[in-house]
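Each chain is listed here by its residues.
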Amino acid sequence: MSQLSTKHLLGIKQLTEQDIRTILSTAAKFKEVINRPIKKVPTLRDITIANLFFENSTRTRVSFELAQKRLSADVINFSSSSSSVKKGETLLDTVNNILAMKVDMVVMRHPSPGAPHFLAKHIDANIINAGDGTHEHPTQALLDAFSMQEKLGDLAGKKVLIAGDIMHSRVALSNIFCLRKLGAEITLCGPPTLIPQGIESLGVRIEYNIEKALAWCDVANILRIQLERQNTKYFPSLREYALTFGVNKKRVESLHKEIVIMHPGPINRGVEITSDVADSKHSIILDQVENGVAVRMAALFLLANKGIEN
Amino acid sequence: MEARVLLDTDLLDITITRLCYELIENYGDFSNSAIIGVQPRGAVFAEYLHSKLKTLTNIPITFGKIDPTFHRDDFRRGDDILQAKTTEMDFAVEGKKILLVDDVLFTGRTIRSAMDALISFGRPSKVELLALIDRRFNRELPIQADYLGITVDTVEPVKVKVEWENDADVTKNIVWILKDK
């Protein structure tokens, strides 16, 4: 019950439904901890964690570091821009050198899909994937599910809209795996060029009209257009995207029902979502950020718990 | 497995009633005090004790539950995977007189970690410990209870099990001593 079936958190795809539920229920305990006057517990005091970020990050990196510090772990931070990666060192060499300094756990973000899965085959430390290219971002999906559950209760049968750049979004893929395992219904919405062919096979619906999609859902997770990953033009202009697929006050108010608005950040205000919606009472964007720390504490705690017996 | 009754329902009730009167003697009207049960089993006992005190005194007494899991010293060391329970502390600990409640006082390690967890909520003016059963020969830390139900002089592999009528498959309050044949 309290054990995870895996030693690493590489992606939601590898987790069982029970694993997800264990992480979410443990996260609720940690949310209580981070609201205490003294927010630190000594649980991971004998563990050293390396945060390896081969790609830019603000939220995820700060969130992981805070989660680790709240658990009293020793933390080392590494970013590729200031490291020997620039001198041509391979990923495995970099990580093995860091692990030789007695590191127990690795949190890694990497631009190449599958990089953490490759590492898991070659090293003993527990690995947490903090985003691998356009593939998966498991802790984001877990914190999204946790935030939705806080608002809506059990997610079985709940209607979740994921709108935006589905093709380049690791958040979308992890969310789909996670929500499907928890029994939610999912609709994807975005320009046809940004919705991968055959994605229906993961058990999702597709809707190209944002107004119809919003009217259908209980909760809308709005994703950013990832211009940095797009090397061809997928739609004519950001202005046209905002007009056709952007979530604005008018569209939300015309629904005549309450829906929950989420966004994994960073927000491009005025493109996928307008400020008046992002900052409205429907939005739980900042709750997501708070819950991120609790969910990551839970993942670190449960993997460390698993660590010694293997 | 050989099972022997240590405290039957009537004796257990007498013991708990006696503990309640000891508390009333020392805590008066329970102002600026709180009773906190140590999760998981101490919290069940504490709830029982709390409702009994309420019946006897008819005054509201601040009550909470604390989970010591994240403060334990055996994380990653034992065979058991630690599982956290909920902490319910919707009051300020700062400056209060706190009574920690557990069912069985064994090695003292749970109480050590519960005190650590308690301090994260503020600085109580005083902390006392009430235990229903004291297995004094098994202590691994210098921790003793201020209020005691009964002392049993047993060592492992003998186990003490406290059952409450609200537990699953249990009909009455009872304390067992369990021994492998």
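Computed from a predicted structure; not experimentally measured. (Residues numbered from 1 in each chain as written. Chains lettered and ligands numbered in written order. Predicted model: local features only at pLDDT ≥ 70, side-chain atom pairs only at ≥ 80, totals over all residues. Heavy atoms only, no water.)

### Comments concerning the overall build of chain B
Rule in force here: Helical segments are the DSSP runs of H or I of at least four residues, strand segments are the runs of E of at least two, and each set is numbered from the N terminus. As a reference, a globule follows 2.2 Å times the number of residues to the power 0.38, and the radius of gyration itself is taken over C-alpha atoms.
Of regular secondary structure, chain B possesses three helices and eight strands. When the helices and strands of chain B are placed in sequence order, the string is β-α-β-α-β-β-α-β-β-β-β. Taken against the 2.2 N^0.38 rule, which gives 16 Å for 181 residues, the C-alpha radius of gyration of chain B at 16 Å falls within 12% of a compact globule. Along the three orthogonal principal directions, the C-alpha set of chain B runs to about 50 × 40 × 30 Å.

### A short note on the sheet that holds strand E2 (residues 33-38) of chain B
Residues and elements named next belong to chain B. Condition: A pair of strands is treated as paired once DSSP finds two or more bridges between them. Each axis is a line fitted through C-alpha atoms, and for a helix only the stretch in contact is used; angles between axes span 0 to 180 degrees, taken between their N-to-C directions. Whether two residues are in contact is decided by their heavy atoms: any pair within 4.5 Å suffices.
Ordered in space as E3-E2-E4-E5-E6, the five strands form an open sheet in which the pairing is parallel. Each end of this open sheet is capped by a strand with a single partner; those strands are strand E3 (62-66) and strand E6 (147-151). This sheet shows a mean twist of 25° between the axes of neighbouring strands, independent of strand direction. Pairing geometry for E2 and E3, over five bridges, is parallel. By the bridge assignment, Gly37 is partnered in E3 with Lys65. Each of E2, strand E4 (97-105), strand E5 (126-134) and E6 is contacted by helix H1 (residues 9-27), which is oriented at about 155° to E6, the strand it contacts most. Together, E2, E3, E4 and E5 form the strand contacts of helix H3 (residues 109-119), whose direction differs from that of E4 by roughly 155°.

### Observations concerning the side chain of Lys97 of chain B
All names here are of chain B. Note the cut-off: For the exposure calls, accessible area comes from a 1.4 Å probe over protein chains only, and a residue counts as buried if that area is under 20% of its type's maximum, exposed if over 50%, partly exposed in between. Charge counting treats Lys and Arg as positive and Asp and Glu as negative, with His and both chain ends excluded. Each salt bridge in this description consists of a side-chain nitrogen of Lys or Arg and a carboxyl oxygen of Asp or Glu lying within 4 Å of one another. By the criterion applied in these results, polar contacts are pairs of N or O atoms within 3.5 Å in which, for protein atoms, one can donate a hydrogen and the other can accept it, and in which residues neighboring in sequence qualify only through two side-chain atoms.
Here Lys97 lies in strand E4. For the buried residue Lys97, which engages in no salt bridge, the nearest side chain bearing the opposite charge is Glu128, 4.5 Å off. Side-chain polar atoms of Lys97 contact the backbone oxygen of Asn26, separated by 3.4 Å. Excluding residues that lie within four positions of it along the chain, Lys97 makes contacts with Asn26, Tyr27, Asn32, Ser33, Ala34, Ser125, Lys126 and Glu128.

### Some thoughts on the sheet that holds strand E3 (residues 105-110) of chain A
Residue and element names in this part refer to chain A. Taking strand neighbours across the sheet as the criterion, the four strands line up as E2-E1-E3-E4 in an open arrangement whose pairing is parallel. At either margin of the open sheet sits one strand with a lone partner, and together these are strand E2 (74-79) and strand E4 (126-132). With strand direction ignored, the average angle separating the axes of adjacent strands in the sheet is 15°. Helix H4 (residues 115-122) contacts E3 and E4 of the sheet and is inclined by roughly 165° relative to E4.

### Points about helix H6 (residues 170-181) of chain A
Residue and element names in this part refer to chain A. Short version of the rule: Helix span is expected to be 1.5 Å times the residue number reduced by one.
When the terminal C-alpha atoms of H6 are compared, their 17 Å separation across 12 residues agrees well with the 16 Å that a helix rising 1.5 Å per residue should span. Of all the 12 residues making up H6, 10 are buried; the element is thus mostly covered by neighbouring parts of the structure. Along H6, the residues classified as buried are Arg170, Val171, Ala172, Leu173, Ser174, Asn175, Ile176, Phe177, Cys178 and Leu179. The N-terminus of H6 is capped by Ser169, whose side-chain oxygen sits 3.2 Å from the backbone nitrogen of Val171. The first or second residue beyond H6 is Gly183, which carries a positive phi of 90°.

### Here we look at the environment of Ser31 of chain B
All names here are of chain B. With respect to the helices and strands, Ser31 occurs in the loop between H1 and E2. Given a relative accessible area of 48%, Ser31 falls into the partly exposed group. Among the polar contacts listed, one links the side chain of Ser31 to the side chain of Asp29, at a separation of 3.0 Å.

### Observations concerning the interface of chain B and chain A
Often the size quoted for an interface is simply the accessible area lost on bringing the parts together. Selection criterion: A simple way to read buried area is as the amount of 1.4 Å-probe accessible surface that goes missing from two parts once joined, with both sides added.
With 19 residues of chain B at the contact, the number on the chain A side is 24 residues. Summed over both partners, the interface of chain B with chain A comes to about 2,000 Å²; 59% of that surface belongs to carbon and sulfur atoms. Interface area lost by chain B to chain A is led by Phe70, Phe75 and Arg76 of chain B, which between them contribute 43%. Inspection of the chain B/chain A interface yields zero salt bridges. Counting across the chain B and chain A interface gives two residue pairs in polar contact (both at pLDDT 80 or more).

### Remarks on the nonpolar core
It is characteristic of soluble globular proteins that their nonpolar side chains tend to be buried jointly. Basically, it comes down to this: Residues belong to one nonpolar core when they are buried, are Ala, Val, Leu, Ile, Met, Phe, Trp, Tyr or Cys, and are joined through side-chain atoms within 4.5 Å. Those domain boundaries reflect an automatic or database domain assignment.
Counting 68 residues, the largest nonpolar core has Phe30, Leu44, Leu142 and Ile162 of chain A as the members making the most contacts within it. When residues of this core are assigned to their parent elements, the largest contribution, 11 residues, is made by helix H11 (residues 285-307) of chain A. There are two domains that each give this core at least three residues, and those are domain 1 (12-137 + 289-307) and domain 2 (139-285) of chain A. Grouped together as the second largest cluster of nonpolar side chains are 29 residues, Leu19, Ile61, Val160 and Val162 of chain B included.

### What about the pattern of salt bridges?
Residues and elements named next belong to chain B. On inspection of all chains with the given rule, the structure shows 21 salt bridges over all chains. Of the charged contacts, one joins Lys52 and Asp13 as a salt bridge, the two residues approaching to 2.8 Å between their closest N and O atoms. In this pair, Lys52 is assigned in helix H2 (residues 41-57) and Asp13 in helix H1, connecting sequence segments 39 residues apart. Arg41 is the partner of Asp167 in a salt bridge, and the nearest nitrogen-oxygen pair spans 2.8 Å.

Function-wise, these values are silent; they only describe arrangement.
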